[in-house]
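One-letter residues, chain by chain:
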Amino acid sequence: MSIRRLPEQLVNRIAAGEVVERPASALKELVENAIDADAARIVVSLAGGGIGRIEVADDGCGMAPDDLALALERHATSKLPGDDIDRVETLGFRGEALPSIASIARLTIESRVRGADGWARTVDNGRLVGEGPAALPPGTRVVVEDLFGKVPARRKFLRTERSEYAACLDVVKRLAMARPDIGFSLDHDGRRILSVQPGEDRPARVSALTAREFADNSLAIDYVRGSAHLGGVAGLPTFNRGIADHQYLFVNGRPVKDRLLIGAVRAAYQDLLARDRHPVLALFVDLPGDEIDVNVHPAKTEVRFKDPAGIRGLIVGGLRHALDAAGHRSAQRPSAAALGNWISPSPQGGEGWSEGVRPRQYALHGPSRSSYADTPSPYPSPPWAEGTVSDHHAAYSPAARAEPATAPPPDAAAFPLGVARGQVAATYIVAEAEDGLVLVDQHAAHERLVLERMRRAMANGGVARQALLLPEVVELDEPGCDRIEARIAELAEMGLEVERFGPRAILVRATPALLGAGDVKGLVTDLADELAAFDEALSLKERIDHVAATMACHGSVRAGRILSVVEMNALLREMEVTPHSGQCNHGRPTWVKLAHGDIEKLFGRK
Ligand SMILES: Nc1ncnc2c1ncn2[C@@H]1O[C@H](COP(=O)(O)OP(=O)(O)OP(=O)(O)O)[C@@H](O)[C@H]1O
Ligand SMILES: [Mg+2]
């Protein structure tokens, strides 16, 4: 298809704005052009995070020498033959990308149509500096060098090479996911980063580009609503991540970052995931071209839907359908009225004993609320926590048993959270307090306690480490490894001793002692995600709550673990002396109480 200059009235309708902001945006345009040229293989190589050099070679249709000259002009495209900007079938349509890149870098484009000779042109920051015959196989090769090299005001807004490289990798991954029929490879600074073969099926391509385990932890989606189709793979709620970056969304084969779609995904998983956890998924929405407008954003990353509510319904419906069929139904929620009868801790948590019940043990055993940090808890630490249980302290442990109560618990009055009577669903501790019934979410509560312990340890000069018997190798994508590597010294202060182990792995030698040896892989993966959300300028200390909370989550008693009565009581006792223990790290209550009076009301006795 030959290239033509767009007529004025069409140019004026194209969403104006900056096309190239950073190497990743230039790379995106070049790979999109290769896809539009019907390439079967696309070879990308980068140097210096793409700031130094970006090269994209394809085996697509190529351009004749005349077209090559036009391709570098503004508003010249082969992709809108019918002036119909409302029905775009290609990724490009504006004729803006190549001239925009050529105006802020040195761009060489070589191209050859099958059966003809090749031709090359070089434009340096908007000026044609050379052209002539070129020898290359049929297809096109574009080299972009020294991006923003002559625009210092723009160059200084670029981030580190490492960040720019991470953004480039993300771009290639998303486009490669959109087109499993095409082969892609990516090299950075001479190293092969990614390589996928042409002709893969979608699930295979998605798992090749995300995580190997994703295939085993995801569901295939195939759902139709009206004229729209939703396909792809969605991660099980348990296969979640700390950031939403692992959500790959496509509309008619175009990678998009669209708020409507992201909101719909969130809604579909809402009651299956904690608020700060995100599913991993790759979703492909396909609908007739006239039902979306792709001409809304200069970087073509957003689209506008004619029927937004229908699209939301498609996504929520399709995901719920698949998730429910997989037996991951949402937990039934108690009604608001029923919940209203339960007393929750005040927002300050530990300060919530206002119903006339003061924890007697403070008076008996000394430690005042304000001095908790320096005084050891008078109660045995839970066996999973740091330190050991001394016999002397164990004497204070109430003697409750996980059996039906036959007599009033001896010590209930002394303990605001009561004595443990048993465990429900291996998730909640049921305790009997002097004035009512207490339910504790064991995971949420313990997570909070671990976080508070970590904070104390940090304040007192660092967190003790515990060496792993066998160092553990954790595989991560390269940007994730880079982020962890950049923080090695700071992580060591928090008790996590790691080393870089090749391009895509981290070696973990020691973990914070108070976490115990748990899910090391999950911890490191989540930390990498957490770091991705950081501003590079911030130190871990400034974000200690986030990092410590991520660690605490991994060091906590999971829901689903059977606890002994001693363990349950130890947890209750520690909650009573730990500030903020009434809320978990995500802001939900860790315990609720139904007072005797409320129980009587429930049974109509009052
Ligand atoms: N790799 C390629 N192979 C073949 N033709 C290409 C290639 N890259 C660009 N072209 C031709 O050059 C033209 C201009 O490319 P450019 O990226 O500037 O604009 P576009 O793709 O038409 O629209 P957009 O600005 O939205 O990307 C294209 O329309 C296409 O005809
Ligand atoms: Mg283009």
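Only a predicted model underlies this, so the values are computations on that prediction, with no experimental measurement involved.

About the criteria used
Residues numbered from 1 in each chain as written. Chains lettered and ligands numbered in written order. Predicted model: local features only at pLDDT ≥ 70, side-chain atom pairs only at ≥ 80, totals over all residues. Heavy atoms only, no water. Helix = DSSP H or I, 4+ residues; strand = E, 2+ residues; numbered from the N terminus. Buried < 20%, exposed > 50% of the residue type's maximum accessible area, 1.4 Å probe, protein only. Contact = heavy atoms within 4.5 Å. Areas by Shrake-Rupley, 256 points an atom, 1.4 Å probe, with all protein chains shown as cover. Near = heavy atom within 4 Å. Polar contact = N/O pair within 3.5 Å; in protein donor to acceptor, adjacent residues only side chain to side chain. 1 Å grid on protein atoms, 1.4 Å probe; cavity = no way out; pocket = protein on both sides within 12 Å on 5 of 7 lines; lining within 4 Å. Sits in = over half its atoms within 2 Å of the grid points. pLDDT = per-residue confidence, 0-100. Expected span 1.5 Å × (residues − 1). Points joined across faces, edges and corners; volume = space filled by probe spheres on them. Nonpolar A, V, L, I, M, F, W, Y, C, P; charged D, E, K, R; others polar. Core = buried A, V, L, I, M, F, W, Y, C linked by side-chain atoms within 4.5 Å.

Visitor: For the overall build of the chain, give the residues involved together with the corresponding values.
Guide: For the chain, the helix and strand inventory stands at 19 helices and 27 strands. Per-residue burial for the chain yields a buried fraction of 52% across its 606 residues. Put simply, of all contacts in the chain between residues at least 6 apart along the chain, 68% involve residues at least 24 apart. Accessible area for the chain stands at about 27300 Å²; split by element, carbon and sulfur atoms hold 52% of it.

Visitor: Describe the site of ligand 1, with residues and values.
Guide: With respect to spatial proximity, 23 residues lie near ligand 1, and among them N33, T77, S78, K79 and E96 are the closest. Between an oxygen atom of ligand 1 and a side-chain N or O atom of E29, the distance comes to 3.4 Å. For ligand 1, an oxygen atom lies 2.9 Å from a polar atom in the backbone of F93. Relative to its unbound accessible area of 590 Å², ligand 1 is 97% covered by the protein chains. With respect to the pocket detection grid, ligand 1 is positioned in the second largest pocket. Counting only elements with at least two residues in the shell around ligand 1, the list comes to α2 (23-36), β4 (76-77) and α4 (97-102).

Visitor: Could you give an account of the confidence of the model for the chain, with specific residues and numbers?
Guide: Per-residue pLDDT for the chain has a mean of 80; in total, 80% of the residues score no lower than 70. Confidence drops under a pLDDT of 50 for residues 328-339, and excluding neighbours within four residues, the segment shows 11 contacts in the predicted structure. Segment residues 346-408: pLDDT under 50, and 104 contacts once partners within four positions in sequence are set aside and those in other chains are kept.

Visitor: So what about helix α16 (residues 520-532)? Which residues, and what values?
Guide: Note on helix geometry: an α-helix contains 3.6 residues per turn, so any two residues three or four positions apart are oriented the same way. Between its first and last C-alpha, α16 extends 18 Å over 13 residues, near the 18 Å set by a 1.5 Å rise per residue. With 11 of 13 residues buried, α16 lies mostly within the body of the structure. Those residues of α16 that sit buried are V520, G522, L523, V524, T525, D526, L527, A528, D529, E530 and L531.

Visitor: Tell me about the layout of surface pockets, and name the residues and values.
Guide: One number sums up the size of the second largest pocket: a volume of about 690 Å³. Broken down by secondary-structure element, the contributors of at least two residues to the lining of the second largest pocket are α2, β3 (53-58), α3 (65-71), β4, α4 and β8 (139-145). With five residues, the single largest contributor to the lining of the second largest pocket is α2. Here the residues of the lining of the second largest pocket are counted per class, giving 19 nonpolar, eight polar and nine charged.

Visitor: Kindly report on the nonpolar core, identifying the contributing residues and their values.
Guide: Inside soluble globular proteins, nonpolar side chains tend to come together where they are buried. With 63 residues, the main nonpolar core has L27, V31, I42, L107, V144, F184 and L194 as its most contacted residues. If we ignore the near neighbours within four places in the chain, the residues touching I42 are V31, A34, I35, V56, A57, D58, I182, G183, F184 and S185. By size, the runner-up hydrophobic cluster in this structure holds 38 residues, among which are L219, V265, L281 and L319.

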